[in-house]
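So the chains spell out like this:
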Amino acid sequence: MPRIHLLDRETAELIAAGEVIERPSSVVKELVENAIDSGATAITVEIQSGGVRFIRVTDNGCGILREDIPTAFLRHATSKVLSPEDLGSIGTLGFRGEALASICAVGRVELLTRTREETMGTRYQIAGGEGGEPEDAGCPAGTTIIVRDLFYNVPARMKFLKKDSTEGNAVATLLDRLALSHPEISFKLLREGQMKLHTPGDGKLLSAVFGVYGGDFGNVLVPVDPSAGPVGLAVTGFITKPEGARASRAMEHFFINRRYVKCLTMMAALEEAYKNSIMTGKFPGCVLNLDLPLGMVDVNVHPAKLEVKLSDERQVFQAVYTACKGALSALGSVTRARDTGRGHQSRLSYFEISGRPMEGEQQRMTPSEYRKAASLPPREGERKAPVTVAAAPRPAPPPARPILREEGGAGLYRQSIAPREAPRPAPDRLLPREPAPPPLSAAPKRPVPVVREELPPAYAPAPEPPREDARPPEHTPAPEPLQDTSQAPEKLRFIGELFQTYILAEGQGELLLIDKHAAHERLLFERLREEQAAGEVPRQLLLTSLRVSLPKDRYDAVMESLPALEQAGFGIEDFGDGSVLVREIPALLSLAQAEDAVHEMAELLMRSNPKPTPAFFDELYHSVACKAAVKGNRFSGEIELRELLDQLARRPQIRNCPHGRPVMIAISRREVEKMFGRIV
């Protein structure tokens, strides 16, 4: 049992915070941190009127010896620091010895405590810094501290408090963070007699996340690899999938040695890992804990202990970045449809979700059977068989008809002759089908010329869409999928194109929707980066050089960075008088896009002074790839779409476009059948 003692003046002055209790959440923070340091496995916090009128913190920790209780309420009395040398390796949440003295100076405090070695507990009351005598009391092992009438003797500070709901929310936010940092402790929060927080305390971080934030946040988390960082530093926890990004940094939770901190180094490493995978203006969420040697971090630099000082920020950055990047790389290329929106996700707590079966067949029973099953537990070995409902026979599709489609208004036609089975008779409860179409032999015969479509190389400009008057009429049936015209991925079946923007494919019991512009943009972006790393960015020499006029500051930035622009595939010369002459551009770009690209480069160079950085090339390739990729709402040939699908299959790590939008979304067969009511 650690004894409480009064620090000498030299040690006390080194760690004095100079900050007093300013609101109810400050009281709760100090008391709960003391409870955690005492080895508690269950902590309950009760507040009334936002904590101004009543605060009670109960734990099952080691308790306080009766002879140490009066000393515990003196300034700089602590059991966690003995000498100045101990300040270099602080492993506890509290260490200054100011909390209890500050709290009893502004409130009426009552203490109930008992150690496991004592047979009788102790009750102690103190108010305004004036305490009484310890008394015998019956209580369980642990400590309970009650604070009433906060700031009753400091009316000047009372007037700065906000309304009760705001102060109560501050306490709730504090408990959320502490629950995430210590999943092995069961936390409870009662506000005005109602349970607002309850974590299981099973030692699993994901259980604590569900207990605090429910499924809305927990369902989009992926674990990080603790062994990915440098030796001696371990990063554990969860980060959100790119599609689970938020509009603010409110869901970024960082802990160092399980202490909640605001660490800019960890925040920068996290957001750098999401670069090129998340939309602009969105921020990832996380619950990350960094375990590092106590000598590498100084926690005595901020009065509230929210900021720390690191001895090697570069090593910390590398550890967090590597762990997060590895977790994102392991996600795969498919984005689940259920992850793209939050309106339908579960907002239940961990306890409400944990008891529900996540898979299996649904059992159907009559109301009387349900009442009987709810009132009487089933006998051992007895199991009800599910009631199955026979599905109506599915009518087969009608036989194929010749589908003729005019290509480009040139009088060319393509015909599908894939045979299909004859239709079965429709059930009596359905309306009769229309008469079957005439057989193929009855269709008018006409020559069908072979149409060959050549796919341009991936770095060529996207083909211009045909004129509106040259497109087939809207009522013309879409062409049947061609057979053996391209090598589609083995596990994906090409279906067609939706809204001239999305590729439809089927694979392993899922419907896949691929954004063709986002997919092509990411493919081009990755290709540009690989070519630049190899020093072989394909270029095209312009027959007529392009003259571009720039503002003077941007002109200077371009002229100072000509070697870097040469590396990116641009051949630029000085033309004088604030103008440059563009002689070469990347093969991906068209001449019409070159001038805009030069202006964007100049703007990026202004922000990356004094010389281009890797971030500059990434942003530049973002722009080039976006301009060169196939566009949405424009017609694309089937061979081109199949080739795009094939390229995606060869790069399974592609999940998002450079702007962060998902490339491929999967809708499972179960979700489709639920939409149509085939399953419940």
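Residues numbered from 1 in each chain as written. Predicted model: local features only at pLDDT ≥ 70, side-chain atom pairs only at ≥ 80, totals over all residues. Heavy atoms only, no water.

A.B. asks: Outline the overall build of the protein, supporting the account with residue identities and numerical values.
C.D. replies: If you tally the helices and strands in the protein, you get 19 helices and 28 strands. Out of the 680 residues in the protein, the part that is buried amounts to 43%. (Helix = DSSP H or I, 4+ residues; strand = E, 2+ residues; numbered from the N terminus. Buried < 20%, exposed > 50% of the residue type's maximum accessible area, 1.4 Å probe, protein only.)

A.B. asks: Before we move on, can you summarise the nonpolar core with the specific residues and values?
C.D. replies: Most often, soluble globular proteins keep nonpolar side chains buried together rather than apart. Residues Val32, Ile43, Val45, Phe73, Val147 and Phe187 are the most contacted members of the largest nonpolar core, which totals 56 residues. At seven residues, helix α6 (residues 164-181) tops the list of elements feeding residues into this core. In this view, valine 147 contacts Val27, Leu31, Arg53, Phe54, Ile55, Ile103, Arg108 and Val109; residues no more than four positions away in its chain are not counted. Ranked by size, the runner-up nonpolar core spans 36 residues in total, among them Leu565, Ile572, Ile585 and Ala625. (Core = buried A, V, L, I, M, F, W, Y, C linked by side-chain atoms within 4.5 Å. Contact = heavy atoms within 4.5 Å.)

A.B. asks: I'd like a description of the sheet that holds strand β25 (residues 539-549), backed by residues and values.
C.D. replies: Taking strand neighbours across the sheet as the criterion, the three strands line up as β25-β27-β26 in an open arrangement whose pairing is antiparallel. Across the chains shown, the open sheet's two edge strands, defined by having one partner strand only, are β25 and β26 (571-576). Strand-to-strand twist across the sheet, computed as the mean angle between neighbouring axes with direction ignored, equals 20°. Two elements, β25 and strand β27 (residues 579-586), share seven bridges in a ladder whose sense is antiparallel. Paired with serine 549 across the bridge in β27 is serine 579. Each of β25, β26 and β27 is contacted by helix α16 (residues 591-607), which is oriented at about 55° to β25, the strand it contacts most. (Pairing = 2+ DSSP bridges. Axes fitted to C-alpha atoms, helices over the stretch in contact; angles between N-to-C directions.)

A.B. asks: Got a sec to walk through the packing of helix α13 (residues 516-534) against helix α18 (residues 638-650)? Specific residues and values, please.
C.D. replies: In a pair of packed helices, the angle between the axes and the distance between the axes together describe the arrangement. Two numbers describe how α13 lies on α18: the axes approach to 11 Å, and their chain directions differ by 55°. Put simply, α13 runs oblique to α18. Judged by the sense of rotation from one axis to the other, the crossing of α13 with α18 is left-handed. Contacts from Lys516, Ala519, His520 and Leu523 of α13 reach α18 at Leu641, Leu644, Gln647 and Leu648. (Parallel < 35°, antiparallel > 145°, perpendicular 65-115°, else oblique. Left-handed = near helix turned anticlockwise from the far one by under 90°.)

A.B. asks: Lay out unusual backbone geometry in plain terms, naming residues and giving numbers.
C.D. replies: Of note in this structure, glutamate 192 is not a glycine but carries a positive phi near 55°. Examined against the element boundaries, glutamate 192 turns out to sit in the loop between β10 (186-191) and β11 (194-198). Phi at asparagine 257 takes a positive value of approximately 50°, unusual for a residue other than glycine. Relative to the assigned elements, asparagine 257 resides in the loop between β14 (252-256) and β15 (259-261). Given the relative accessible area of 24%, asparagine 257 is considered partly exposed.

A.B. asks: Explain the sheet that holds strand β16 (residues 286-291) to me, using residue names and the numbers behind them.
C.D. replies: With respect to topology, five strands assemble into an open sheet ordered β12-β13-β16-β14-β15, the strand pairing being mixed. If you trace the sheet from one side to the other, it starts and ends with β12 (221-223) and β15, each paired once. Between one strand axis and the next, the sheet turns by 25° as a mean value, whatever way the strands run. In the packing of α6 onto the sheet, contacts are made with β14, β15 and β16, and the angle to β14 comes to roughly 55°.

A.B. asks: Go over the pattern of salt bridges with me, naming the residues and quoting the values.
C.D. replies: Applying the stated criterion across every chain yields a total of 18 salt bridges. The partner of aspartate 149 in a salt bridge is arginine 108, with the nearest N and O atoms 3.3 Å apart. Here aspartate 149 is found in the loop between β9 (142-148) and α5 (155-158), whereas its partner arginine 108 is found in strand β5 (residues 108-114), with 41 residues between them in sequence. We classify aspartate 149 as partly exposed; its relative accessible area is 33%. A relative accessible area of 38% means that arginine 108 is categorised as partly exposed. For arginine 539, the salt bridge identified is with glutamate 584, shortest N-O distance 3.0 Å. With a gap of 45 residues between them, arginine 539 in strand β25 and glutamate 584 in strand β27 connect regions that are remote in the sequence. A relative accessible area of 31% means that arginine 539 is categorised as partly exposed. The class for glutamate 584 is partly exposed, based on a relative accessible area of 23%. Members of the salt-bridge network, linked through shared partners, are Glu110, Arg123, Glu135 and Arg148. (Salt bridge = Lys/Arg side-chain N within 4 Å of Asp/Glu carboxyl O.)

A.B. asks: Can you lay out the packing of aromatic side chains for me, pointing to particular residues and giving the numbers?
C.D. replies: Per the stated rule, a full pass over the model turns up four aromatic pairs. Taking 5.5 Å as the distance between ring centres and 75° as the angle between the ring planes, the aromatic pair formed by tyrosine 213 and phenylalanine 217 counts as edge-to-face. Under the relative-accessibility criterion, tyrosine 213 is labelled partly exposed at 25%. On the basis of relative accessibility, which here comes to 1%, the residue phenylalanine 217 falls in the buried class. Geometrically, the ring pair formed by phenylalanine 255 and tyrosine 260 is edge-to-face, given 5.7 Å between the ring centres and 65° between the ring planes. The burial state of phenylalanine 255 is the same as that of tyrosine 260; both residues are buried. The ring of tyrosine 152 carries arginine 108 above its face, with NZ or CZ at 4.0 Å from the centroid. (Phe/Tyr/Trp six-rings, centres within 6.5 Å; stacked < 30°, edge-to-face > 60°. Lys NZ or Arg CZ within 6 Å of the ring centre and 35° of its normal.)

A.B. asks: Could you give an account of the pairing of β9, naming the residues involved and the relevant values?
C.D. replies: On any regular strand, side chains alternate: one points to one face of the sheet, the next to the other face. Burial within β9 is extensive, with six of its seven residues counted as buried. Taken together, the six bridges between strand β3 (residues 54-59) and β9 define a ladder with antiparallel strand orientation. Bridged to valine 57 within β9 is isoleucine 145. Of the pairings in the sheet, the one linking β5 to β9 comprises seven bridges and is antiparallel in character. The residue of β9 that forms the bridge with leucine 111 is isoleucine 145.

A.B. asks: Can you break down the pairing of strand β6 (residues 121-127) residue by residue, with the values?
C.D. replies: Taken together, the six bridges between β5 and β6 define a ladder with antiparallel strand orientation. Of the residues in β6, the one forming a bridge with leucine 112 is arginine 123. Linking two consecutive strands that pair antiparallel, namely β5 and β6, is a turn of six residues. Here β6 pairs with strand β8 (residues 135-137) via three bridges, running antiparallel. Pairing of glycine 121 across the sheet is with alanine 137, part of β8. Sheet analysis places β6 next to strand β7 (residues 130-131), joined by two bridges and oriented antiparallel. Among the inter-strand pairings, alanine 127 is bridged to a residue of β7, identified as glutamate 130. Here β6 folds back onto β7 in antiparallel fashion, the turn holding two residues, of which glycine 128 has a positive phi close to 60°.

A.B. asks: An account of the packing of helix α9 (residues 264-273) against helix α10 (residues 313-329) is needed here, citing residue identities and associated values.
C.D. replies: For the pair α9 and α10, interaxial distance at closest approach is 8 Å and the crossing angle is 35°. Helix-helix and strand crossings are classified by hand; for α9 and α10 the assignment is right-handed. In this structure, α9 uses Thr265, Met266, Ala268, Ala269, Leu270, Glu272 and Ala273 to contact α10, whose residues at the interface are Glu313, Val316, Phe317, Val320, Tyr321, Cys324, Lys325 and Leu328. The class makeup of the residues in the contact of α9 with α10 is eleven nonpolar, one polar and three charged. (Nonpolar A, V, L, I, M, F, W, Y, C, P; charged D, E, K, R; others polar.)

Keep in mind these values describe shape, not function.
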